[in-house]
Amino acid sequence: MNLPININDLLAARTVEWERLEFKAGWNPQKVLHTMCAFANDFHNLGGGYIIIGVGEKNGRPVLPPQGIPVKELEMTEGRGTGIPKMLRAIQANGSPAPVFHTDDERTYFLVELSIHPFFAEALKQELVTQVTPQVTPQVTPQVKQLLAACRGEMSRKELMAALGLKDRMYFSKSYLNPALDARMIEMTIPEKPKSRFQKYRLTKAGRFLSNGEANS
């Protein structure tokens, strides 16, 4: 996992204009925040910008080589390098997956990937299944299940009837289409114009969930 723009390209302004670069020799939260707000509001219509901390500035150009700043100055470490081992021990004791650290060869940045605890991952999965299944299953008739199985991508009423081998438009609407719409198993592609001649239908998330479950059972 790499930064969107190489740090060396930023220092040489090979990728973006100088006006979009701001160099800070030291860590000053207030000044950094002001710059972030200016870039975020895009007062000069520059398309945002980049703040590079640990590099001095003279006449809008970086003073090289970069000086960097002590991590202790950022108040992100305890100074003796005990913070990360302490976090790793706590994560291990908690039964959580080990974190994954991402950086580049020059150690110009790092990202930490923290995964959800297996217990909560399973609980979340069960909760999602519980939310979907009881609400939709009682309303799903055999005809609706047939409609879900026949629906592939976006299909018109005529295409769905042909896929089901049906010719009676009223019977199709009463027994297949309307119950599927009411159960929110399918949805219209043009809901604001229900009677549009360009109207098509597609599976909803719940429809795909049920359809896949039927196919795998």
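Heads up: these notes are all about the structure in this document. (Residues numbered from 1 in each chain as written. Predicted model: local features only at pLDDT ≥ 70, side-chain atom pairs only at ≥ 80, totals over all residues. Heavy atoms only, no water.)

**Some words on the overall build of the chain**
For step 1, the next point in the chain: Scanning the chain for helices and strands turns up 8 helices and 8 strands.
For step 2, the next point in the chain: Burial analysis of the chain (217 residues in total) assigns 26% to the buried set.
For step 3, the next point in the chain: Restricting to contacts in the chain with at least 6 residues of sequence separation, those with at least 24 account for 45%.
For step 4, the next point in the chain: Element-wise, carbon and sulfur atoms account for 56% of the exposed surface of the chain, whose accessible area totals about 15700 Å². (Helix = DSSP H or I, 4+ residues; strand = E, 2+ residues; numbered from the N terminus. Buried < 20%, exposed > 50% of the residue type's maximum accessible area, 1.4 Å probe, protein only. Contact = heavy atoms within 4.5 Å. Areas by Shrake-Rupley, 256 points an atom, 1.4 Å probe, with all protein chains shown as cover.)

**Describing helix α5 (residues 142-150)**
Think of an α-helix as turning once every 3.6 residues; residues three or four places apart then point the same way.
For step 1, the next point in the chain: Listed as buried for α5 are Val 144, Leu 147, Leu 148 and Ala 150. The arc that holds every buried residue of α5, seen down its axis, measures 165 degrees, which confines them to one face. (Arc of directions from axis to C-beta.)

**With respect to the pattern of salt bridges**
For step 1, the next point in the chain: For the structure on display, the rule yields 2 salt bridges.
For step 2, the next point in the chain: For the salt bridge of Arg 202 with Glu 154, the shortest nitrogen-to-oxygen distance reads 2.9 Å. Highlighted residues: Arg 202 in strand β8 (residues 201-203) and Glu 154 in the loop between α5 and α6 (157-164), separated in sequence by 48 residues.
For step 3, the next point in the chain: Accessibility expressed as a relative area gives 30% for Arg 202, which makes it partly exposed. (Salt bridge = Lys/Arg side-chain N within 4 Å of Asp/Glu carboxyl O.)

**Quick look at the side chain of Ser 175**
For step 1, the next point in the chain: Positionally, Ser 175 belongs in helix α7 (residues 169-182).
For step 2, the next point in the chain: Apart from residues lying up to four places away in sequence, Ser 175 is in contact with Thr 141 and Gln 143.

**Points about the packing of aromatic side chains**
For step 1, the next point in the chain: A complete count under the given rule lists 2 aromatic pairs for this structure.
For step 2, the next point in the chain: For the ring pair Tyr 171 and Tyr 176, a centre distance of 5.8 Å and an interplane angle of 80 degrees mean the geometry is edge-to-face.
For step 3, the next point in the chain: The class for Tyr 171 is partly exposed, based on a relative accessible area of 37%.
For step 4, the next point in the chain: Taken together, the ring pairs in this structure connect Tyr 171, Phe 172 and Tyr 176 into an aromatic cluster. (Phe/Tyr/Trp six-rings, centres within 6.5 Å; stacked < 30°, edge-to-face > 60°.)

**Details of the environment of Ala 150**
For step 1, the next point in the chain: Assignment of secondary structure puts Ala 150 in helix α5.
For step 2, the next point in the chain: A relative accessible area of 16% places Ala 150 in the buried class.
For step 3, the next point in the chain: Taking C-alpha positions, Ala 150 is 6.9 Å from Leu 160, a pair spaced 10 residues apart along the chain.
For step 4, the next point in the chain: Sequence-distant contacts of Ala 150, defined by excluding residues within four places in its chain, comprise Met 155, Ala 163 and Leu 164.

**Some remarks on the packing of α5 against α6**
For step 1, the next point in the chain: Two elements in contact, α5 and α6, have axes whose closest approach is 10 Å; the angle formed by their N-to-C orientations is 105 degrees. In terms of orientation, α5 and α6 fall into the roughly perpendicular class. Between α5 and α6, the residues in contact are Gln 146, Leu 147 and Ala 150 and Leu 160, Ala 163 and Leu 164, respectively.
For step 2, the next point in the chain: Here the contact of α5 with α6 is composed, by residue class, of 5 nonpolar, 1 polar and no charged. (Axes fitted to C-alpha atoms, helices over the stretch in contact; angles between N-to-C directions. Parallel < 35°, antiparallel > 145°, perpendicular 65-115°, else oblique. Nonpolar A, V, L, I, M, F, W, Y, C, P; charged D, E, K, R; others polar.)

**Some details on the environment of Val 140**
For step 1, the next point in the chain: Of note, Val 140 is situated in the loop between α4 (118-136) and α5.
For step 2, the next point in the chain: The buried category is assigned to Val 140, whose relative accessible area is 10%.
For step 3, the next point in the chain: The sequence separation of Val 140 and Met 185 amounts to 45 residues, and the corresponding C-alpha distance is 8.6 Å.
For step 4, the next point in the chain: Excluding residues that lie within four positions of it along the chain, Val 140 makes contacts with Lys 145, Met 185 and Leu 210.

**Some points on the nonpolar core**
For step 1, the next point in the chain: Among the nonpolar cores identified, the biggest contains 20 residues, and Val 144, Leu 147, Leu 148, Leu 160, Phe 172, Met 185 and Ile 186 are the most heavily contacted of them.
For step 2, the next point in the chain: When residues of this core are traced back to their parent elements, those giving at least two are α5, α6, α7, β8 and α8 (205-216).
For step 3, the next point in the chain: Among the elements that line this core, the one with the most residues is α7, at 4 residues.
For step 4, the next point in the chain: Beyond its immediate stretch of four places on either side in the chain, Phe 172 contacts Leu 147, Arg 157, Leu 160, Met 161, Leu 164, Leu 166 and Leu 177. (Core = buried A, V, L, I, M, F, W, Y, C linked by side-chain atoms within 4.5 Å.)

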